[in-house]
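Architecture at a glance
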Amino acid sequence: MKEKDNRPVYLNLLAIDLPIIGISSILHRVSGFALFLIFIIAVWMLDRSLSSEEEFLNLLEDLNSLVLLKVIFYLFLVGIVYHSLIGVKKIISDFFGIGEDLRSGSFISWIYNVISLLVSILLFIKFFI
Amino acid sequence: MNSTIPTEELRSITLSVYRFDPGKDKKAYMQDIEIEVPVNKDLMVLDALVLAKKQETSLSFRRSCGEGVCGSDGMNINGKNGLACVTPLSEAIKGEKLVVKPMPGLPVVRDLIVDMKQFFDQLEKVKPYLITKDEAPEQERKQSPEEREKLDGLYECILCGCCSTACPSFWWNPDKFLGPAALLQSWRFIADSRDQATEERLDDLDDAFSLYRCHGIMNCVSVCPKGLNPTEAISNIRKKLINRKK
């Protein structure tokens, strides 16, 4: 029988440095998982909006009056923007080998993160202000 | 004639070290050790550890050459993996505190010493040696300068483990994902014009985990004390794998 290994393993994610590319990669995963969860609500919203003109108008009304629904929809859009942008960055890197050294990779990651942040701010202004 | 021995100006810094003694401790803990270091002279992190060991004689860490060649003293220094012997204290220290922990993701044997078995098991899988099928020539197997140049940035790896233990994909699947160090070695032999086992090497890597778990996080590149680029090597293998399927 295999003996249980009681030796400690050091792994404190908050104390270990990761380059911006690594942080983006983790956020890419997190946004992907969040999108998967929110997708159920998005499909419900799509179904509702397509069922009749009246329901479509009701949904718009709900989006304006129900803050929680508005927040969920906002997070859904932010998630899509982030996940798509970082996904495209990964595809470009995989197919064309762009950003395979630390310097250019970090630079490209910063650009995509800043774009995502700007789009998120614009969406926030559009939705809530 | 009067001769004066110059006295060094010293400052005190705190070395916060990860401690674990399997004979005594149930859990690992951090211990703060105050050491005196010269003000006008830079030390390496290894020197600071040696100073700390003078006070805490039970403090354990691996070291050998002391000049970044043997790869024994890989550890996590203020959050970043590196070799203690070639990491200047001035670069590593934040404020007056230096936090030193073992390399992440591997079982701790004692203090800063980790069990590297998992790391070397993965290295073994890539067969890090030349495989030839032809009969051995009377003299050496020749290589043109251009062919030899392709091995630059690959053969220099000293197997310190800093890259693999800084890789999140290796943390989650240390038994299935080979890790940046082993994959760099794999590419080192695939790229070698004298090696005759490219197809077999690629076959061994062609599954969901061995290579494809690399998500291009590039922490391996960020921490490599020899300035190597395992991400690029992994990408080269990936391209070879994809192209042979066409």
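All values derive from a computational prediction rather than experimental measurement. (Residues numbered from 1 in each chain as written. Chains lettered and ligands numbered in written order. Predicted model: local features only at pLDDT ≥ 70, side-chain atom pairs only at ≥ 80, totals over all residues. Heavy atoms only, no water.)

All names here are of chain B. Along the chain, the position of R11 falls in strand β1 (residues 10-19). Taking relative accessible area as the criterion, R11 reaches 28% and is therefore assigned partly exposed. When the C-alpha atoms of R11 and P38 are compared, they prove to be 6.2 Å apart, with 27 residues separating the residues in sequence. (Helix = DSSP H or I, 4+ residues; strand = E, 2+ residues; numbered from the N terminus. Buried < 20%, exposed > 50% of the residue type's maximum accessible area, 1.4 Å probe, protein only.)

Turning to the confidence of the model for chain A, a few remarks are in order. Per-residue pLDDT for chain A has a mean of 90; in total, 98% of the residues score no lower than 70. For chain A, helix α3 (residues 67-96) of chain A is the element with the lowest average pLDDT, namely 90, and helix α4 (residues 102-128) of chain A is the one with the highest, namely 93. (pLDDT = per-residue confidence, 0-100.)

With that settled, the discussion passes to the interface of chain A and chain B. Each side of the interface is counted separately: chain A has 23 residues, and chain B has 32 residues. Both faces combined, the contact of chain A with chain B buries some 2,300 Å², and carbon together with sulfur accounts for 61% of it. Our count for the chain A to chain B interface comes out at 2 salt bridges. Breaking the side of chain A that touches chain B down by element, the ones donating at least two residues are α1 (20-51) and α3 of chain A. Broken down by element, the residue count for the side of chain A that touches chain B peaks at 4 residues, all from α1 of chain A. Of the residues in the side of chain A that touches chain B, the class split is 11 nonpolar, 4 polar and 8 charged. (Contact = heavy atoms within 4.5 Å. Buried area = accessible area lost by both parts, 1.4 Å probe. Salt bridge = Lys/Arg side-chain N within 4 Å of Asp/Glu carboxyl O. Nonpolar A, V, L, I, M, F, W, Y, C, P; charged D, E, K, R; others polar.)

Okay, the sheet that holds strand β4 (residues 80-83) of chain B next. What holds strands together in a sheet is hydrogen bonding between their backbones, with the strands either parallel or antiparallel. Residues and elements named next belong to chain B. If you trace the 5 strands from one edge of the open sheet to the other, you get β2-β1-β5-β3-β4, paired in mixed fashion. Taken across any chain shown, the strands that pair with only one partner, and hence form the sheet edges, are β2 (29-38) and β4. Averaged over all pairs of adjacent strands, the angle between strand axes in this sheet comes to 35 degrees, irrespective of strand direction. Pairing of strand β3 (residues 74-77) with β4 involves 4 bridges; the strand directions are antiparallel. Pairing of I77 across the sheet is with K80, part of β4. Contacts from helix α1 (residues 45-55) reach β1, β2, β3 and β5 (97-101), with the element oriented near 105 degrees to β2. (Pairing = 2+ DSSP bridges. Axes fitted to C-alpha atoms, helices over the stretch in contact; angles between N-to-C directions.)

So, on to the domain arrangement of chain B. Residue and element names in this part refer to chain B. Once the domains are mapped, chain B shows domain 1 (10-114) and domain 2 (117-245). Taken residue by residue, the interface counts 13 residues in domain 1 and 13 residues in domain 2. Connecting domain 1 to domain 2 are 4 residue pairs in polar contact (both at pLDDT 80 or more). Looking at which element gives the most residues to the side of domain 1 that touches domain 2, the answer is β4, with 4 residues. (Domains from an automatic or database assignment. Polar contact = N/O pair within 3.5 Å; in protein donor to acceptor, adjacent residues only side chain to side chain.)

Here the focus is the nonpolar core. Core analysis: the largest hydrophobic core is formed by 72 residues, its most contacted members being V45, L49 and L98 of chain B. Here the element with the most residues in this core is helix α6 (residues 180-190) of chain B; it accounts for 6 residues. Looking at which domains feed residues into this core, each of domain 1 (10-114) and domain 2 (117-245) of chain B supplies at least three. Ignoring sequence-local partners within four residues, the contact set of V45 of chain B consists of I77, A84, T87, L89, A92, L98 and V100 of chain B. By size, the runner-up hydrophobic cluster in this structure holds 5 residues, among which are L35, A42, I72 and F76 of chain A. (Core = buried A, V, L, I, M, F, W, Y, C linked by side-chain atoms within 4.5 Å.)

Attention now moves to the packing of α1 of chain A against helix α2 (residues 53-65) of chain A. Residue and element names in this part refer to chain A. Packing of α1 against α2 brings their axes to within 6 Å, and their N-to-C directions diverge by 135 degrees. The angle between the axes of α1 and α2 places the two elements in the oblique class. Two secondary-structure elements touch here, α1 through M45, R48, S49 and S51 and α2 through E55, F56, N58, L59, D62 and L63. Considering only residue class, the contact of α1 with α2 consists of 4 nonpolar, 3 polar and 3 charged. (Parallel < 35°, antiparallel > 145°, perpendicular 65-115°, else oblique.)

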